Number of protein chains: 4
Amino acid sequence: MGNSFGSLFRVTSFGESHGGAVGVIVDGCPSNIDIDLDAVQHELTRRRPGQSHITTPRKEPDQLEVLSGIFKGKTLGTPIAMMVRNQDANPKAYDHLKAVFRPSHADYTYQEKFGIRNWQGGGRSSARETIARVAAGAIAKQVLTQIAPIEILAYVIQIHQIRAHVDSDAVQAADIEANIVRCPDPAIAKEMITRIEVARKEGDSVGGVIACVCRGVPAGWGEPVFDKIKADLSKAMMSLPASMGIEMGSGFAGVEMTGKAHNDAFYMDDDGQVRTKTNFSGGTQGGITNGEPILFRTAFKPTATIFSTQDTVTEDKKNTTLAAKGRHDPCVLPRAVPIVEAMAALVLLDHALRHQARKGGS
Amino acid sequence: MGNSFGSLFRVTSFGESHGGAVGVIVDGCPSNIDIDLDAVQHELTRRRPGQSHITTPRKEPDQLEVLSGIFKGKTLGTPIAMMVRNQDANPKAYDHLKAVFRPSHADYTYQEKFGIRNWQGGGRSSARETIARVAAGAIAKQVLTQIAPIEILAYVIQIHQIRAHVDSDAVQAADIEANIVRCPDPAIAKEMITRIEVARKEGDSVGGVIACVCRGVPAGWGEPVFDKIKADLSKAMMSLPASMGIEMGSGFAGVEMTGKAHNDAFYMDDDGQVRTKTNFSGGTQGGITNGEPILFRTAFKPTATIFSTQDTVTEDKKNTTLAAKGRHDPCVLPRAVPIVEAMAALVLLDHALRHQARKGGS
Amino acid sequence: MGNSFGSLFRVTSFGESHGGAVGVIVDGCPSNIDIDLDAVQHELTRRRPGQSHITTPRKEPDQLEVLSGIFKGKTLGTPIAMMVRNQDANPKAYDHLKAVFRPSHADYTYQEKFGIRNWQGGGRSSARETIARVAAGAIAKQVLTQIAPIEILAYVIQIHQIRAHVDSDAVQAADIEANIVRCPDPAIAKEMITRIEVARKEGDSVGGVIACVCRGVPAGWGEPVFDKIKADLSKAMMSLPASMGIEMGSGFAGVEMTGKAHNDAFYMDDDGQVRTKTNFSGGTQGGITNGEPILFRTAFKPTATIFSTQDTVTEDKKNTTLAAKGRHDPCVLPRAVPIVEAMAALVLLDHALRHQARKGGS
Amino acid sequence: MGNSFGSLFRVTSFGESHGGAVGVIVDGCPSNIDIDLDAVQHELTRRRPGQSHITTPRKEPDQLEVLSGIFKGKTLGTPIAMMVRNQDANPKAYDHLKAVFRPSHADYTYQEKFGIRNWQGGGRSSARETIARVAAGAIAKQVLTQIAPIEILAYVIQIHQIRAHVDSDAVQAADIEANIVRCPDPAIAKEMITRIEVARKEGDSVGGVIACVCRGVPAGWGEPVFDKIKADLSKAMMSLPASMGIEMGSGFAGVEMTGKAHNDAFYMDDDGQVRTKTNFSGGTQGGITNGEPILFRTAFKPTATIFSTQDTVTEDKKNTTLAAKGRHDPCVLPRAVPIVEAMAALVLLDHALRHQARKGGS
């Protein structure tokens, strides 16, 4: 359980880091929609390891294979199955982890839960499972643009203690892809890259914050009470490896404002659209989109894999120490950008279909 | 859709602020468990309006009625239906809101979504729906204690710009209930109460942050990938009215640490238990509990209902102004404390049952 | 678990025979639709006990109370909660059943499953739970007619060994309601009534078969593979108390035909519609409606409550005998007719919304 | 949607007849259980085409590939992904079906639903999708035997008008596999084979009935109201291609009995077990297993593919005729036997886990 996401556009994920493959079934995709598989591959490539010197050197081409659901370039309305074979797997490199739990990894908790675990590269707890999210999200992005002119952009705004200030209304995809850390502020991006290089040299790691803006989402998406848009986006982001917090709109800082300052006054714009003068709400009210950009930020902890000796315990419950070997990302954020976008797309499309269902066939 | 929560311990909620009743069906409750209905009523009373001079004066006794599922004090394993009649409903007080959208409320988005709304007291978007959460959560709390010595405590740690510093390991229920703002730091609590009184006098409102600690949760609960404990807790909290952010463990502040400082080293304690020296992870790793206390904080925005004139638009899309009348909470946090606890209980019990199912009947 | 039905038009049911009330929450109902509550009450009245001398004399007015979700006669799009109070409950009449299991009832299996049961009137296993189905189905029927000119008619075609032959294309609602056994063949209906009277006098019971035709359902509803229309209708009917079999279209008799005779040839009708010359498929192919009437038949066993001495065992596992007392239906079929219609309506509307969702917002 | 089955042991299926592969993800499998992959392949081989002269000559080895979820022969508790590549695909053989609807096939209804279809070999509506069911069911069978000594046996009891009479208490697996039609009555089996040969020669087809017995299922599995065991088994069987009816226990024939004859009297057996003297209920009461064998029968229509000229219509809605070419099964029943067993296993294991969850961790 727990390997499916979404209610109507529903993705089910599989795969271990060093098993045969990782992949996903997308069920509920509307039919007869053109799919550009190169665009799906492009998203996987934005996520893949080895893409720059500040990511892990593990070499995986992460080549997409589509097994079903697309016929002559169009969706059939049947399940779209996609997978990526694991290639640069080196199981022996993990022999020293067979019987010891890495601190702040999932080794201990998986062992407690399942009584067994695949210790090779983290098995199912490896961030390699996010391939499934990115592939499915790339399909969702394409379907969303058939519904409305929706644009989903994520970008790095903080690495360790270095903060960028980015105008979420103005930021463009090209600004984000302009550097390897995916921060649209070029000067700060350089500092961030240097900070990650320092962490790598020190065998240490750093975390950060990714912002995301979703533009062009129509008013009316989202469900009252439990399945609010903000609730489902939060679940989506907090289901990611290493995420530690999420905030919408004004977020934690909004707490320091009073209601008079924080309320988003409505007005009619020149096109006869209801708009708000400010967007402290982050694009939703009562859990339902109001037509303003959806804004949220997700915090990611520093990577748990570090190269210094740490105290830990063995599987047979004795104290020991562990010094990690192998390959790792000194900072997950550059590769997490397309993952955040993918999860946002999955949430939005699922709610688009749920909203459509509401219309009841009339 | 969107009115159910949980997969095995599944609650389905109903009710408008000024309809006949609000209530809940709890499906999947284990059978043959003693239920103390006074304890359920006690939680409702902690949530009810009019409980102190810093909450809304709306007078609702919020008296629980159980319609099914409990027989001679024990759960039958069949659906437990509970409801509370709406009493102090004054529909006429809302006549001025029939055709105008209150800023930062759900009036506009409900109208866009449904093409109709109950404008009386916010209808379904009223925080009165949280009665269902609290009643169901009170059942969940009682079932949880049959499984393990689990204690769930929420408390206010920030009101507007006033912050308390509370030791989550030491805090006790009595400390929280010792004052009307539910902050276990008595000196800071007084300041907070004063701050809320000021907001009330000014026709303004304030927000804040609620912390929650869940002690005694066994290792192994939670599901990999999408249904991580941190993901489901985040969805639960971000489904609450007025919540704007959630963070687990070190949260947003953890971003400023490096991996060496942030990793939670394991060790064997004197009882032969695996423990961690620090708890920056907040009690879960890989989405699964590790036996340490679960720690999270939720930010709530300042109440949207304020008593000054605001710019807004009418249902027929003209600019207008609105000055709120009626009753409201100048700060939702004191009453939100039992709601946060209830939602945490729902998430934990659902995962307890999911973990139990895993054992496969063997 | 197991008390919800449907994925988008989702009903959740509660209530024991002798608890406070039985009822239902309908989640996912399209908004802004006129609801005639008298029509809902009418369906409950068709189902209620004591409606004729061939049904149980238990006196229950089964008066509907709506708690939420309808505002000024229209659906809000929020959960519609409805309930009926139990009135003619006589718990003492069941004292002799506290510690003994009635044959072919659910007493033993509930006890094995839950370790506890409400022995008063069968508790949750009482057919009184079908009130929830009928109330929800009555809402669904009204929503369906907003989508297409859909008509759902169920009727009795067999009681014990007495069979009627009814033209499913020609049968009208008035023919069905013209007699108390709800068989549209008046001559056979008289024989059926006599047969039930005989069973009653002998302290015995009889079963039968109910046919159902759903006219006006558009082509294209239903989902491939697991959620075929025929699969969901079968689940719906086989979830009813006392049902023992279901067949679609040609059913078990179709087995004796060859493919050449059984295939439904397509042709274009005068209105340019694709039609089939025969309808052995019963209105669906590949699990999806083809625009022809949906046809199915459900078998119901003879009522398990009989008034003769039967061998059985006690709760503490000793052989004993039991002679039933109290009130019962000598034949459930007349009252099951509106229940079959209600379940068919729930399945069809759920699939209508699922099909609508497929359109993806475009 | 509609490509998943089960709530806790949840399978999600993918694949078209002539796409790259058909396969399945099994989510929720208990961990640390030994899996014999040869036994899984054995079930696929029982289902595969070309296994005898009374099945289609399409040559598919249907070789299983496991992509995830099993590590050193044991389940990890993570998703088990399995697939089979399509090999003997001959897309050109279907060119004549591009623009015409085969009678009693899903061509027309898929086109109406999706606006597109893969016409090659029926695409998603091909019975090739049942590979996913059989592979998942083979895993379920192995897990079930870890819980209780459960045996699931399906067998043919009717082909066209030829009926076998088989003692469901005595029948053994070897009796079923002793002949190519999978009818455990050897004399009748010969007649059935001859009947199928005749149908093949005439370019015609025949249907039949498959019985299934599930022995060793403990009392207490199944959920009240909607998710009764009989309801979920009915959905499972009626989701199969070509199924037209299902009956439990006494089924449609039970209608001709009275309650006195039909009730299953309880007694204590020599081992102190509660048993019933008869089993007209078919192993469940109130939707919950009573410990007796579960008994049901499923009717399958004659194969829709026949080799004579039939009236039909074209995609652009003109009358035409169609004479099928290619390969087909003159009778689906021999290959449907392992599919019925697989679906029964999926239902039973899902309910085993649901029942286990009920225990609540205590």
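A.B. asks: Whenever I open this one, the packing of helix 3 (residues 130–147) of chain B against helix 8 (residues 333–358) of chain B confuses me. Can you help?
C.D. replies: Packed helix pairs are specified by the crossing angle of their axes together with the interaxial distance, meaning the distance between the axes. All names here are of chain B. As a packed pair, helix 3 and helix 8 sit with axes 7 Å apart at the nearest point and diverge in direction by 50 degrees. Taken together, the axes of helix 3 and helix 8 are oblique relative to one another. Crossing geometry of helix 3 relative to helix 8 is assigned as left-handed. For the pair formed by helix 3 and helix 8, the contact residues are Thr-130, Arg-133, Val-134, Ala-136, Gly-137, Ala-140, Lys-141, Val-143, Leu-144 and Ile-147 on the first element and Pro-338, Ile-339, Glu-341, Ala-342, Met-343, Ala-345, Leu-346, Leu-348, Leu-349 and Ala-352 on the second. When grouped by side-chain class, the residues that make up the contact of helix 3 with helix 8 number 15 nonpolar, two polar and three charged.

A.B. asks: Would you mind showing me how to read the environment of Ile-54 of chain A here?
C.D. replies: Considering the arrangement of structural elements, one finds Ile-54 of chain A in the loop between helix 1 (37–47) and strand 4 (65–68). Once residues lying within four places of it in the same chain are set aside, the contact partners of Ile-54 of chain A are Ile-180, Val-181, Ile-193, Ile-196, Glu-197, Arg-200, Pro-330, Cys-331 and Pro-334 of chain A.

A.B. asks: Teacher, can you tell me more about the interface of chain B and chain A here?
C.D. replies: Interfaces are often described in size by the accessible area the parts lose on coming together. Each side of the interface is counted separately: chain B has 109 residues, and chain A has 109 residues. Summed over the three residues of chain B that lose the most area to chain A, namely Lys-113, Phe-226 and Phe-266 of chain B, the buried surface amounts to 10% of that side. Counting the contacts that link chain B with chain A gives 10 salt bridges. Here Glu-256 of chain B and Arg-163 of chain A are joined by a salt bridge, their closest N and O atoms 2.8 Å apart. Of the residues belonging to the side of chain B that touches chain A, the class tally is 41 nonpolar, 40 polar and 28 charged.

A.B. asks: Before we go on, may I ask you to explain the sheet that holds strand 4 (residues 65–68) of chain D in this structure?
C.D. replies: Strand pairing within a sheet occurs via backbone hydrogen bonds; the two strands may be parallel or antiparallel. All names here are of chain D. The strand order across the open sheet formed by five strands is 1-2-3-7-4, and the pairing between neighbours is antiparallel. On the outer flanks of this sheet lie strand 1 (4–5) and strand 4, each paired with one strand and no other. Two strands pair when backbone bridges link them, and strand 1 and strand 2 (residues 10–14) are joined in this way by two bridges, in the antiparallel orientation. Among the inter-strand pairings, Ser-4 is bridged to a residue of strand 2, identified as Thr-12. Here helix 3 (residues 130–147) sits on the sheet in contact with strand 2, strand 3 (21–27) and strand 7 (80–85), set at roughly 35 degrees to strand 3.

A.B. asks: What's the story with the relation of the copies chain C and chain D in this structure? I'm lost.
C.D. replies: What relates the two chain copies is a rotation about an axis together with a slide along it. Of the transformation superimposing chain C on chain D, the axial component is 0.0 Å and the angular component is 180 degrees, with the fit at an RMSD of 0.0 Å. Read as a symmetry element, the transformation amounts to a two-fold axis. In terms of C-alpha distance to the rotation axis, chain C has Lys-235 of chain C as its closest residue, with the C-alpha 2.4 Å off the axis. In this assembly the copies share their binding face: 100% of the residues contributing to the interface of chain C also contribute to that of chain D.

A.B. asks: Explain the interface of chain C and chain D to me, please; I cannot follow it from the model alone.
C.D. replies: Across the contact, 109 residues belong to chain C and 109 residues belong to chain D. Roughly 8,500 Å² is buried in total at the junction of chain C and chain D, and carbon and sulfur atoms are behind 60% of that figure. Three residues stand out in chain C for area buried against chain D, namely Lys-113, Phe-226 and Phe-266 of chain C, and they jointly supply 10% of the buried area on that side. Applying the counting criterion to the chain C and chain D interface returns 10 salt bridges. Between chain C and chain D we count 49 residue pairs in polar contact (both at pLDDT 80 or more) in total. Partitioning the side of chain C that touches chain D into residue classes produces 41 nonpolar, 40 polar and 28 charged.

A.B. asks: Looking at this model, I keep getting lost on the environment of Asp-34 of chain A. Mind explaining?
C.D. replies: Residue and element names in this part refer to chain A. Among the secondary structure elements, Asp-34 is positioned in the loop between strand 3 (21–27) and helix 1. Separated by 40 residues in the primary sequence, Asp-34 and Lys-74 place their C-alpha atoms 4.5 Å from one another. Filtering out sequence-adjacent residues up to four positions away, Asp-34 remains in contact with Gly-73, Lys-74 and Gln-142. One polar contact links Asp-34 to Lys-74, side chain to side chain, over a distance of 3.2 Å.

A.B. asks: In this structure, what is going on with the packing of aromatic side chains? I would like to understand it.
C.D. replies: In this description, a pair of aromatic rings is defined by centroid distance and the angle of the planes. Counting across every chain of the model gives 26 aromatic pairs over all chains. An aromatic cluster is present here, built from Phe-101 and Tyr-108 of chain A together with Phe-266 of chain B joined pairwise through their rings.

A.B. asks: Whenever I open this one, the pattern of salt bridges confuses me. Can you help?
C.D. replies: Working definition: two side chains of opposite charge can pair if their charged atoms are close together. Residues and elements named next belong to chain C. Going through the model one piece at a time under the given rule, you end up with 112 salt bridges over all chains. In this structure, Asp-62 engages Arg-128 in a salt bridge whose closest nitrogen and oxygen atoms are separated by 2.8 Å. Of this pair, Asp-62 sits in the loop between helix 1 (37–47) and strand 4 (65–68) while Arg-128 sits in the loop between helix 2 (107–114) and helix 3 (130–147), placing them 66 residues apart in sequence. Classification of Asp-62 as buried rests on a relative accessible area of 1%. For Arg-128, a relative accessible area of 4% corresponds to the buried category. A salt bridge links Arg-275 to Glu-292; the nearest nitrogen and oxygen atoms lie 2.7 Å apart. With Arg-275 in strand 13 (residues 274–276) and Glu-292 in the loop between strand 15 (288–289) and strand 16 (294–300), this pair connects stretches of sequence that are 17 residues apart. Residue Arg-275 is classed as partly exposed on the basis of its relative accessible area of 31%. On the basis of relative accessibility, which here comes to 4%, the residue Glu-292 falls in the buried class.

A.B. asks: What exactly am I supposed to notice about the relation of the copies chain B and chain A here?
C.D. replies: Of the two same-sequence chains, chain B is brought onto chain A (RMSD 0.0 Å, axial shift 0.0 Å) by a rotation of 180 degrees. With an isologous cut-off of 70% or more, the 100% of interface residues of chain B that recur at the interface of chain A puts this contact in the isologous class.

Parameters and conventions
Residues numbered from 1 in each chain as written. Chains lettered and ligands numbered in written order. Predicted model: local features only at pLDDT ≥ 70, side-chain atom pairs only at ≥ 80, totals over all residues. Heavy atoms only, no water. Axes fitted to C-alpha atoms, helices over the stretch in contact; angles between N-to-C directions. Helix = DSSP H or I, 4+ residues; strand = E, 2+ residues; numbered from the N terminus. Parallel < 35°, antiparallel > 145°, perpendicular 65-115°, else oblique. Left-handed = near helix turned anticlockwise from the far one by under 90°. Contact = heavy atoms within 4.5 Å. Nonpolar A, V, L, I, M, F, W, Y, C, P; charged D, E, K, R; others polar. Buried area = accessible area lost by both parts, 1.4 Å probe. Salt bridge = Lys/Arg side-chain N within 4 Å of Asp/Glu carboxyl O. Pairing = 2+ DSSP bridges. Least-squares fit on C-alpha atoms with pLDDT ≥ 70 in both. Polar contact = N/O pair within 3.5 Å; in protein donor to acceptor, adjacent residues only side chain to side chain. Phe/Tyr/Trp six-rings, centres within 6.5 Å; stacked < 30°, edge-to-face > 60°. Buried < 20%, exposed > 50% of the residue type's maximum accessible area, 1.4 Å probe, protein only.

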